[in-house]
Amino acid sequence: MNPISWPDIEMELAARQADVKVAEADRFWDEFRFRAGETHQDAADALPILVFPAWAKAAACLVAIIALTLMVTIRSDPMVAGNEIQSLDITASHSSVFVVNDDETMATIVWVSDMEINDAKGDGT
Amino acid sequence: MTIRTFAVLTVWLWVAGTSVAGDTIFVRLVAANNAPGAPPAALADVMGDLTKRSQYSNFQLVDSKKVKLPAAARVKLKGGYALELSGPKEKLKLGVFHGKRRIMQMTVSLKEGRPLILGEFPAQDGKMVFVLLSK
């Protein structure tokens, strides 16, 4: 089989290309600009895509963690306020009673002296 | 982790934290006497108050119970004592009973982590002390 030489190939291509109508450059660009002008391609008209940068995510996480920590800390802080006795009624006989808040242990103590339960008034019913 | 995942996690933690914190009352019944004995670890948080107020030197944990808040419970304890608790911890109604007899009635606003110590109630040998703690 005889290989086709390169000059032959060039001649063949040139002969075929002659039949193809190639648009002139000026006409091509005129058409391009006309079509481009018909279609809106402004970036402002495009739908906005919300993208959070990594630093914003990290900041949001940090703020949430701090807020959560503060909420839990304030809620469970024993220094916020002490127990408050709103009413007290001792139905058993006794000699004395004192109520005290211990500043060190933050405990509330109701101490009844010489209590005797045999003659308690209330029957609990 | 996306922002949405983190937000869901934060809300869940907040709800879990608020629902768990301080919604239980721990009741301890303590026997006070002068018998020899080492202080129990279960009373370590209130030993200072007990020894400071009481004429007795030995304190032993006799009984303990847990009550969920808001309370509506009658807690039977050893020695014939019982506690009746009702309402939220901000306005907790507390009755101390011996058998069927009510011997003390009080309304108290309990703060989380602060013990309420009630003493001294008669016992066969020494006295009884109640320790209530909201956690």
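Everything below is about the structure printed above this text.
Reference entry: report on the structure contained in this document. Just so it is clear, the model here is predicted, and its values are computed rather than measured. In this numbering scheme, every chain counts its residues from 1 along its sequence in written order. Here chains are named by letter from A upward and ligands by number from 1 upward, in the order in which they appear as written. Predicted model: local features are reported for residues with pLDDT of at least 70 only, side-chain atom pairs are reported and counted for 80 or more only, and whole-chain, interface and lining totals are derived from all residues. With hydrogens and water stripped out, all remaining heavy atoms of the structure feed into the side-chain values.

Some words on the overall build of chain A
Moving on, step 1. On a plain count of helices and strands, chain A comes out with 3 helices and 3 strands.
Moving on, step 2. Here a strand is any run of E in DSSP of at least two residues, a helix any run of H or I of at least four, and the numbering for each starts at the N terminus. Of the regular secondary structure in chain A, the N- to C-terminal order runs α-α-α-β-β-β.
Moving on, step 3. When the accessible surface of chain A is summed, it comes to about 10,300 Å², and 60% of that surface belongs to carbon and sulfur atoms. Note on areas: Shrake-Rupley, 1.4 Å probe, and residue coverage restricted to the protein chains presented here.

Some remarks on the sheet that holds strand 3 (residues 71-76) of chain B
Moving on, step 1. Pairing between strands requires that DSSP locate at least two bridges from one strand to the other. Strand order in the open sheet formed by 5 strands is 1(A)-6(B)-5(B)-4(B)-3(B), with antiparallel pairing between adjacent strands. The open sheet has two free edges, formed respectively by strand 1 (84-90) of chain A together with strand 3 of chain B, since each of these has just one partner strand. Strand-to-strand twist of the sheet, defined as the mean angle between neighbouring strand axes without regard to direction, takes the value 15°.
Moving on, step 2. Bridge count between strand 5 (residues 92-98) of chain B and strand 6 (residues 101-109) of chain B: 7 bridges; the pairing is antiparallel. Bridging from a neighbouring strand, His98 of chain B pairs with Arg101 of chain B of strand 6 of chain B. Helix axes use the C-alpha atoms of the stretch in contact, all axes being lines fitted to C-alpha atoms, and the angles between their N-to-C directions lie in the range 0 to 180 degrees.

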